[in-house]
Amino acid sequence: MTKQIFRAVIALTLCTCGGAYAAELGGRLETAPANYDLTAGSADWVHFGYIPLELDRKRGVSPQITPYVALGGADPGSTDRVETGYTWSDGLDPVRLMPLTSTGNRVFQVDKGFRIEVNASTSMRTLTLFLGAWNAEGNLTARLSDNSAAPFTTSVRSASKYGGRMLTIRFRAASAGATLVIDFLVAQRLGSQAYITLESAALDAAGGGGGATISGTSVASPVLNDLTALGPTDWVHYGRVAEQPTDRKAGVVSRISGHIALGDDVSPSAANAASAARWSDGTPNPATNGTASSIRVFDNNKGLAVEIDAGTARQTALVYVGIKGRANARLRATLSDGSAPAYTRTISQTGGQTQTTYVFTLNFAANSNNRKLRVAWERTNARTSASFISFESVKLLGEPETDPDPEPDPDPDPDPDPDPDPDPLQGTGAIGDLVWRDSNGDGRQSAGETGLPGVNVSLRTCKGTIDLTTLTTDGNGAFLFENLPNVRYQLRVTVPEGFEISPRTQGGSRQIDSDAFSDGRTGCTRAAQNKAKRQFDIGLIPNDGNGGGGGEPGGGTSKIGGIVWLDGNADGTRASAETGIGGVTVELMSCATDAVLASTTTSSNGRYLFSNLMGAEYRLRVIAPAGLRFSPQFVGSASRDSNFRADGLSNCVNVPDGKARRTVDAGLH
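Reading the values: the criteria
Residues numbered from 1 in each chain as written. Predicted model: local features only at pLDDT ≥ 70, side-chain atom pairs only at ≥ 80, totals over all residues. Heavy atoms only, no water. Helix = DSSP H or I, 4+ residues; strand = E, 2+ residues; numbered from the N terminus. Buried < 20%, exposed > 50% of the residue type's maximum accessible area, 1.4 Å probe, protein only. Contact = heavy atoms within 4.5 Å. Areas by Shrake-Rupley, 256 points an atom, 1.4 Å probe, with all protein chains shown as cover. Pairing = 2+ DSSP bridges. Axes fitted to C-alpha atoms, helices over the stretch in contact; angles between N-to-C directions. 1 Å grid on protein atoms, 1.4 Å probe; cavity = no way out; pocket = protein on both sides within 12 Å on 5 of 7 lines; lining within 4 Å. Points joined across faces, edges and corners; volume = space filled by probe spheres on them. Nonpolar A, V, L, I, M, F, W, Y, C, P; charged D, E, K, R; others polar. Salt bridge = Lys/Arg side-chain N within 4 Å of Asp/Glu carboxyl O. Core = buried A, V, L, I, M, F, W, Y, C linked by side-chain atoms within 4.5 Å.

*Asks:* What is the right way to look at the overall build of the protein chain in this model?
*Replies:* Helix and strand counts for the protein chain come out as zero helices and 47 strands. When each of the 669 residues of the protein chain is scored for burial, the buried share is 53%. Taking the intrachain contacts of the protein chain between residues at least 6 apart in sequence as the baseline, contacts between residues at least 24 apart amount to 78%. Approximately 25800 Å² of the protein chain is accessible, and the part contributed by carbon and sulfur atoms is 49%.

*Asks:* When you look at the sheet that holds strand β35 (residues 478-484) in this model, what are you seeing that I'm missing?
*Replies:* With respect to topology, four strands assemble into an open sheet ordered β35-β32-β39-β37, the strand pairing being mixed. At either end of the open sheet lies a strand with only one pairing partner, and these are β35 and β37 (499-501). In this sheet, adjacent strand axes meet at a mean angle of 30 degrees when their direction is disregarded.

*Asks:* Help me understand the sheet that holds strand β44 (residues 616-623) in this model?
*Replies:* Sheets are built from strands that pair by backbone hydrogen bonding, the pairs being arranged parallel or antiparallel. Judged by pairing direction, the sheet is antiparallel, and its four strands sit side by side in the order β42-β41-β44-β45 without closing on themselves. Two strands bound the open sheet, and with one partner strand each, they are β42 (596-601) and β45 (653-655). On average, adjacent strands in this sheet sit at an angle of 35 degrees to one another, irrespective of strand direction. For strand β41 (residues 585-590) and β42, the ladder comprises five bridges, and the chain directions are antiparallel. Looking at β42, one finds that E587 is bridged to S599.

*Asks:* For this particular structure, what's the right way to read empty space enclosed by the protein?
*Replies:* Gaps left between atoms show up when a probe the size of a water molecule is rolled over them. The full count for this structure, using the stated rule, is three cavities of 30 Å³ or more. Quantified by volume, the largest cavity comes out at close to 50 Å³. Around the largest cavity, the lining residues are N225, H237, S275, A276, A277, Y320, E392 and S393. Elements that contribute at least two residues to the lining of the largest cavity include exactly β22 (269-279) and β31 (388-397). Looking at the lining of the largest cavity, the element that brings in the most residues is β22, giving three residues. A class-by-class count of the residues in the lining of the largest cavity yields three nonpolar, four polar and one charged.

*Asks:* I'm lost on the pattern of salt bridges in this one. Help?
*Replies:* Any two side chains of opposite charge can pair, on the condition that their charged atoms come close. Summed over all chains, the structure comprises 14 salt bridges. Here D44 ties to R57 by a salt bridge, and the two come within 3.3 Å at their closest N and O atoms. Highlighted residues: D44 in strand β4 (residues 42-50) and R57 in strand β5 (residues 54-57), separated in sequence by 13 residues. D647 is the partner of R645 in a salt bridge, and the nearest nitrogen-oxygen pair spans 3.1 Å. Look at R645 and you get partly exposed, because its relative accessible area is 28%.

*Asks:* How do you make sense of the pairing of strand β11 (residues 127-134) when you look at a structure like this?
*Replies:* Each regular strand carries side chains that alternate between the two faces of the sheet. For β11, the tally of buried residues reaches eight of eight residues, placing the bulk of the element in the interior. Side-chain alternation along β11 places L127, L129, L131 and A133 on one buried face and T128, F130, G132 and W134 on a second face that is also buried. Summarising the sheet, β11 and strand β16 (residues 195-204) pair through eight bridges and their orientation is antiparallel. Bridging from a neighbouring strand, L131 pairs with L198 of β16.

*Asks:* What is the right way to look at the nonpolar core in this model?
*Replies:* Soluble globular proteins: nonpolar side chains tend toward being buried together. If you look at the biggest cluster of nonpolar residues, it comprises 35 residues, and the most contacted ones within it are F360 and W377. Looking at which element gives the most residues to this core, the answer is strand β27 (residues 327-335), with five residues. Leave out the neighbours within four places in its chain, and F360 touches T217, S218, A317, L318, V319, V321, L331, Y343, R345, I347 and W377. Within the second largest apolar cluster, 33 residues are counted, among which are I116, F171, A178 and F184.

Written out as structure tokens, the structure reads:
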């Protein structure tokens, strides 16, 4: 008899919110991974059915996940017939370091099963729970012990074929000391050998800053990718030649690892890719006009991974991966501190000999510094023996906000800024470029968008806090600071009334993107002598006099806003050609009480902004015009996705004192 297994991965996420907040409990289903590292980013974890111990768990922490309780008089037994391979390095069994184990506990009888409980509170967190069903259907119920939110229910079933799933459940209780109670029972048997399995549970580490995120998009890659032209930050190319499988950017601190094999007995080999990479700043190979090389893996449920330095500053990485033949592959990105839900995307290819390179744009930030973003690319299924997946290149864009620097110093010295307050008119360097009207608010200079005259731009040293001199943009929006000595500088724009700063580094090229952070300052650069650096462009989005709003009584210096746009293809990601919708009502609400604090309408370009707010957590509600519905939530990058549920409400958004959140956007179709 052919036996099928169906597994589910349940990710339960908790956001740190503090105070008395409304309870939440909801879920989203995704595909399960072939391998899972329980140690990575987990505050607590448990693995069930590990044969030497029956149960292993994270050592050195106060347990937050209980062992299972058998329900209905069940007598669970161990099994090594599950599909996910688990690994860890911080368990009670010190022998268990990196090898994979595919084990779990199982129950055969109808109306019998498992119960586990997880600590809950008034904060949001994320639990990842691995389940399975073999020729059976199992029903799962997740509920809060204080009954402060409606239960969440789902089922796993193995009726016809195997299919792993990952279910992300966001929840928080209304009272301290509550627990999340999860019951998983056999609903029906679909064959003579039929059972459900409980495999592992991993609780994400709670973060302190509330700004952690991973989001991404994927498209087919261009035929040629110039890693040098994409900017001055780190890059790595894999598989140029077998004896030297990695080339990387020269002269910078490495922030991207070499390749990491996933699975037992993985032997990556060199292969041609569908697209080529070129560079002029590499090591050990200084330059190439184009190499179509990569590292490939043929086996199902195996793959390759890389790790990228991560911290609290938001960063963007381009990840180039490939797939050949009739196969499925999955990309999964996770933070080592577990402070944001994983990003996953599955690619299915049906052509027998088709070979395609995909570029994933990953936007990420952790809740603490000195962390890692782990990006795994795995072959999940293939229907031809010649099919394989490949890893090609990784490129970081921009610089972390904690140390912004758009390009490396051409002449670094022990004291990069020996004079914190130099005379700004004693040298031969120059810095400047353009302030432009970003009419569609996408952070890119588009056709028809013109320069803004009469805008003040100030110059200060990178470590200084006092403006050295100020210029006003000319009739074309241009500006240039000249006669500068060999010192590192940054710029600061004074935002005119009725405008706001555009999203930063959205164009993929410094020739068309905006370089200012939300407070109006740019990154730092050195004024090289006898050279004009015309690379600092600053986009300003017009509010057309609307889009303002009030905050909580007492006022403050924080802001929250975004754009309401017409999502023509209803995909939840704002394309450059998709425009804003004017006259839409947006309400600002307290996340603690759901009380409406202020209301406004979007400007003619779809923008809205609530200003003068106290630092707090807020919720937003968009009143959709008649005939329009909300697009899918959280599809694509944070600057281009839709943040609103089908009922018009956003999740709670943390707005720190003096900060602005300007990407709480809503797509309507």
